[in-house]
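Observations on the model geometry
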Amino acid sequence: MKKLIVTIQNLVSILAQDFINFIHLFDGYGSNDKVNAYAKTLRKESIITIPNFMTEAECEAIKKKVEALIKPYDKTTTLPSGTVVRIRGENKEGASDGGMLDVFYLDKTLPEVANIDDSMLQEIVETTTKQKVVHYRRNAYINKEILNTRGYHIDNTQPIIFKAFIYLTDVTDTSFGPYSLIKGSHRFSPYIYLNFVRNLFSKRVSTDMPLNNQSKAYHAIGKKGTLILSNQNAIHRGLPQAPGKTRMALVFNYMVISKLSYLHQAAKDDLKQLRMVNQEKKEVPAM
Ligand SMILES: O=C(O)CCC(=O)C(=O)O
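It should be emphasised that the depicted structure is a prediction, and the values quoted were computed from it without experimental measurement.

1. A word on the overall build of the protein
Regarding its fold elements, the protein presents 7 helices and 11 strands. Over its C-alpha atoms the protein spans a radius of gyration of 18 Å, differing by no more than 12% from the 19 Å that the globule rule assigns to 287 residues. By its C-alpha atoms, the protein is 50 × 45 × 40 Å across when sized along the principal axes. Taken over 287 residues, the protein has a buried fraction of 37%. Long-range contacts, defined as pairs at least 24 residues apart, comprise 81% of the intrachain contacts of the protein with a sequence gap of at least 6.

2. Considerations on the site of the ligand
Near the ligand the following residues occur: Tyr141, Asp155, Lys163, Tyr179, Gln232, His236, Arg237 and Gly238. Broken down by class, the residue content of the shell around the ligand amounts to 2 nonpolar, 3 polar and 3 charged.

3. Examining the nonpolar core
Judged by nonpolar contacts, the single largest core of 60 residues is most densely connected at Ala140, Ile166, Leu168, Leu229 and Ala249. At 7 residues, strand β11 (residues 246-256) tops the list of elements feeding residues into this core. Look past the residues within four positions of leucine 229 in its chain and what remains in contact with it is Leu42, Ile48, Leu121, Ile124, Phe162 and Ala164.

4. Here's the deal with the sheet that holds strand β8 (residues 217-220)
Taken in spatial order, the 3 strands make up an open sheet running β8-β7-β10, and their pairing is antiparallel. What marks the edges here is a single partner per strand, and that holds for β8 and β10 (236-238). The mean angle between the axes of side-by-side strands here comes to 20°, regardless of whether they run parallel or antiparallel. Sheet topology note: the strand β7 (residues 179-182)/β8 ladder contains 4 bridges and is antiparallel. Looking at the pairing, tyrosine 179 lines up with alanine 220 of β8.

5. Remarks on helix α2 (residues 33-45)
With 13 residues, α2 extends 18 Å from end C-alpha to end C-alpha; this agrees with the ideal 18 Å at 1.5 Å per step. Considered for burial, the residues of α2 that qualify are Tyr38, Ala39, Leu42 and Arg43. Down the axis, α2 shows its buried residues gathered within 135° of arc, on one side only. Across α2 from its buried face, at more than 90 degrees, point the exposed residues Asp33 and Lys34. Among the residues trailing α2, serine 46 stands out with phi positive, at a value near 75°.

6. Quick notes on the sheet that holds strand β2 (residues 77-78)
Taking strand neighbours across the sheet as the criterion, the 8 strands line up as β1-β9-β6-β11-β5-β4-β3-β2 in an open arrangement whose pairing is antiparallel. Because the sheet does not close on itself, it has two edges, and the strands there are β1 (47-50) and β2. Bridge count between β2 and strand β3 (residues 84-87): 2 bridges; the pairing is antiparallel. By the bridge assignment for β3, threonine 77 is matched with valine 85. Relative to strand β4 (residues 101-104), helix α3 (residues 56-70) is tilted by about 100°, and along the sheet it contacts β3, β4, β5 (133-144) and β11. Packing against the sheet, helix α5 (residues 119-129) makes contact with β5, β6 (161-167), β9 (227-231) and β11, and its axis sits at approximately 115° to β5.

7. With respect to helix α6 (residues 190-199)
Every buried residue of α6 is listed here: Ile192, Asn195, Phe196 and Asn199. Buried residues of α6, seen end-on, are gathered within an arc of 100° and therefore sit on one face of the element. Away from its buried face, by an angle of more than 90 degrees, α6 presents the exposed residues Pro190 and Val197.

How each quantity is defined
Residues numbered from 1 in each chain as written. Predicted model: local features only at pLDDT ≥ 70, side-chain atom pairs only at ≥ 80, totals over all residues. Helix = DSSP H or I, 4+ residues; strand = E, 2+ residues; numbered from the N terminus. Rg over C-alpha atoms; globule rule 2.2 N^0.38 Å. Buried ≥ 20, exposed ≤ 12 C-beta atoms within 10 Å, placed from the backbone. Contact = placed C-beta atoms within 7 Å. Near = placed C-beta within 6 Å. Nonpolar A, V, L, I, M, F, W, Y, C, P; charged D, E, K, R; others polar. Core = buried A, V, L, I, M, F, W, Y, C linked by C-beta atoms within 7 Å. Pairing = 2+ DSSP bridges. Axes fitted to C-alpha atoms, helices over the stretch in contact; angles between N-to-C directions. Expected span 1.5 Å × (residues − 1). Arc of directions from axis to C-beta.

Shown next, in the form of structure tokens:
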């Protein structure tokens, strides 16, 4: 019964979001031509790539600091600073993404990460969506020989999240496990509806999207310093790595603030937490 309720909730959310997408279909842009060009592509294709967002030297310096930070931990640990070193699939033999490290709130420990200026990214996402956007987390993903990455999925139906991935290591072919996305699948995609109905008959409720249009798959290859910005409502995954390969990326999260978000408990929890963080700044409207 719970599965059916969650599925209906997800389908209603996607339908409502597609209605919002339709209303915003003919939105204009802002006054910055460079931002507008990125926003135009992001609206249509769900993803943009910005080469050389950071220099090689900056990437190397942060990579070294992250390596030193994670070295002592072989279990999920919360550091006194508030940074959380999380090991995915811990204690779950064969879990997808098992062994991948997801370091939450890296900016609370590394000022080099806290000081990265992402104002252009925030502007791009706001110009793309024409809605209020808040930046809410800076993580790092460390994939070392992760052969069993999670398959194609969307992050959730609400809130709408955009993620910026900044490669700190070269991801110059698919053996490094690049980020992969089905272009244009963030809006009006029949596959999203189809997968939710399909998932109703699978073991557990999920946002997995195994049915997708592979002819539109884009594998985000790039040298260290490359930034990829994507709408997480589009179908995406990290590709499995080949043995011996490592990928390290910074991951910045942006949340689109919309009344629809309040339909979902997980989104409500995110917003509540976000409001606590931003209480001083008064960036998030009250529910
Ligand atoms: O690691 C990747 O490239 C993909 C990560 C992902 O699917 C996500 O952050 O939602």
